[in-house]
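Chain and residue survey
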Amino acid sequence: MFVGFVETPKRKRPDREPNHDFHSVYLYGICIILVFTLVLLPFGAMFPVSISVWALVLFFLPILFLGISLIRKSGNLILISVFLALISGGNSILFLGDYVGYVTEWTSKTNLTPEEALHQTENKYLFLKNFHLDFKNEKKFRSPILVRSRSGSTLYGPILNFRSVPIVSDLGSVDRLFAICYSKKEMICPLPSSGNGGVVVKESLWEKQMELFPSGSVFLVWKPGGESEIQKMGWYSLTFLFFLLFLWTFLVFFPKFTKKNS
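Quantities reported herein were computed from a predicted structural model and do not represent experimental measurements. Residue indices begin from 1 for each chain and proceed along its sequence in written order. It should be noted that, the model being predicted, local features are given only for residues of pLDDT at least 70 and side-chain atom pairs only at 80 or more, the latter also being counted only at that level, while totals for whole chains, interfaces and linings use all residues. Each side-chain value is worked out from all heavy atoms of the structure, with water and hydrogens disregarded.

Points about the pairing of strand 2 (residues 125-128)
Selection criterion: When accessible area is computed with a 1.4 Å probe and restricted to protein chains, residues below 20% of their type maximum are described as buried, those above 50% as exposed, and intermediate ones as partly exposed. Secondary structure elements are defined from DSSP: runs of H or I of at least 4 residues count as helices, runs of E of at least 2 residues count as strands, and each element is numbered from the N terminus. Two strands are said to pair when DSSP picks up at least two bridges between them.
On strand 2, burial covers both faces: Tyr125 and Phe127 on one face and Leu126 and Leu128 on the other are all buried. Sheet topology note: the strand 1 (residues 108-112)/strand 2 ladder contains 3 bridges and is parallel. In the sheet register, serine 108 faces strand 2, and the bridge partner there is tyrosine 125. Note: strand 2 against strand 7 (residues 197-200), 3 bridges, orientation antiparallel. Among the inter-strand pairings, leucine 126 is bridged to a residue of strand 7, identified as glycine 198.

This is the structure in structure tokens:
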């Protein structure tokens, strides 16, 4: 009669997730992060952020599906590498692409005279020498930023304050090259003489004030720090990429070591 009080042992549930080869998981994750970063580098180097973001979304979908397909082989941990790849891709299009384009001179030209700069507008960045900013002929105006202009439709953004200063060559007069900056209505944007170049404006940021400038004018969105700003952000972006790779290494191997020691 005591049989009914005997507790039958519970069956041990199998592990939900089998043991995976951590080295394979690690290599899969490293490849996902680095490949996604390298694919987006040309977009960060050549195109503005508005276009690069679409590339980020477009190329992230195959990476996401690849990560999902690898779950059976590598476990759910592989999805963390997909998330880290997304962060690394954002770093690539915002900062690292500009730095690579600058170092390789793929999308940036340095040590240009203002005369030479007028013929190098296919680049993203131009940095000058033998010039000065003519603040006596500075122009200020307000205009809604021109987001998109197509046949039959024009899309405007917020109203901004614009400043433009002619860039004058030390060797002669150049009347079609301008340094510009823009800011919110209540702020004044800086145009320091310590800078030496900036981003080439390939499409007009405004529409109604073009009569203020000679036809065929070239505008550089002035970077106050000049080349040093790109170099600094490049080192920061490289450091951040190595941090993401270290974080992935830590997430893959550290739990394994703690299990061995426990």
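Here we look at helix 2 (residues 49-69)
This is how the line gets drawn: Take the residue count of a helix, subtract one, and multiply by 1.5 Å to get its expected span. The angle separating two fitted axes, one through the seven residues that finish at a residue and one through the seven that start at it, defines the bend at that residue. Residues count as neighbours in contact if any of their non-hydrogen atoms are within 4.5 Å of one another.
Taking 1.5 Å of rise per residue, 21 residues should cover 30 Å, and helix 2 covers 30 Å from first to last C-alpha, within 8% of that figure. The sharpest bend along helix 2 reaches about 25° and sits at phenylalanine 60, with the proline proline 62 one to four residues further on. When helix 2 is considered as a whole, its buried residues turn out to be Ser52, Ala55, Leu56, Phe60, Ile63 and Gly67. On its buried face, helix 2 is in contact with helix 1 (22-46), helix 3 (71-74) and helix 4 (78-103).

Details of the environment of serine 237
Position of serine 237 among the secondary structure elements: in helix 6 (residues 227-261). Taking the relative accessible area as the measure of exposure, serine 237 reaches 1% and is therefore buried. As a C-alpha pair, serine 237 and serine 88 span 149 residues in sequence and 9.1 Å in three-dimensional space. When residues no more than four places from it in sequence are discounted, the contact partners of serine 237 are Asn91, Phe95 and Leu96.

Examining the nonpolar core
Stated precisely, the cut-off is as follows: Think of a nonpolar core as a cluster: buried Ala, Val, Leu, Ile, Met, Phe, Trp, Tyr and Cys residues, connected wherever their side-chain atoms sit within 4.5 Å.
Counting 21 residues, the largest nonpolar core has Ile32, Ile33, Phe36, Leu40 and Trp248 as its most contacted members. Elements with a contribution of two residues or more to this core: helix 1, helix 2, helix 4 and helix 6. A total of 6 residues in this core trace back to one element, the largest contributor, which is helix 1. Every residue in contact with phenylalanine 36, bar those within four places of it in the chain, is listed here: Leu56, Phe59, Phe60, Ile63, Ala85, Leu86 and Gly89. Core analysis: the next-biggest nonpolar cluster, separate from the first, contains 19 residues, Leu118, Leu126, Leu128 and Ile167 among them.

Digging into the packing of helix 1 against helix 2
To be explicit about the condition: Here the axes come from fitting lines to C-alpha atoms, over the contacting stretch only for helices, and the angles between their N-to-C directions go from 0 to 180 degrees. Our angle categories are set so that under 35 degrees counts as roughly parallel, over 145 as roughly antiparallel, 65 to 115 as roughly perpendicular, and the remainder as oblique. By the definition used in this description, the sense in which the near helix is turned from the far one sets the handedness, with an anticlockwise turn below a right angle giving left-handed and a clockwise turn giving right-handed.
Contact geometry of helix 1 with helix 2 gives a least axis separation of 10 Å together with a crossing angle of 160°. When the axis of helix 1 is compared with that of helix 2, the two are roughly antiparallel. Judged by the sense of rotation from one axis to the other, the crossing of helix 1 with helix 2 is right-handed. Contacts between helix 1 and helix 2 pair Ile32, Phe36, Val39, Leu40, Phe43 and Gly44 from the former with Ser52, Ala55, Leu56, Phe59, Phe60, Ile63 and Leu66 from the latter.

These figures capture arrangement, not role.
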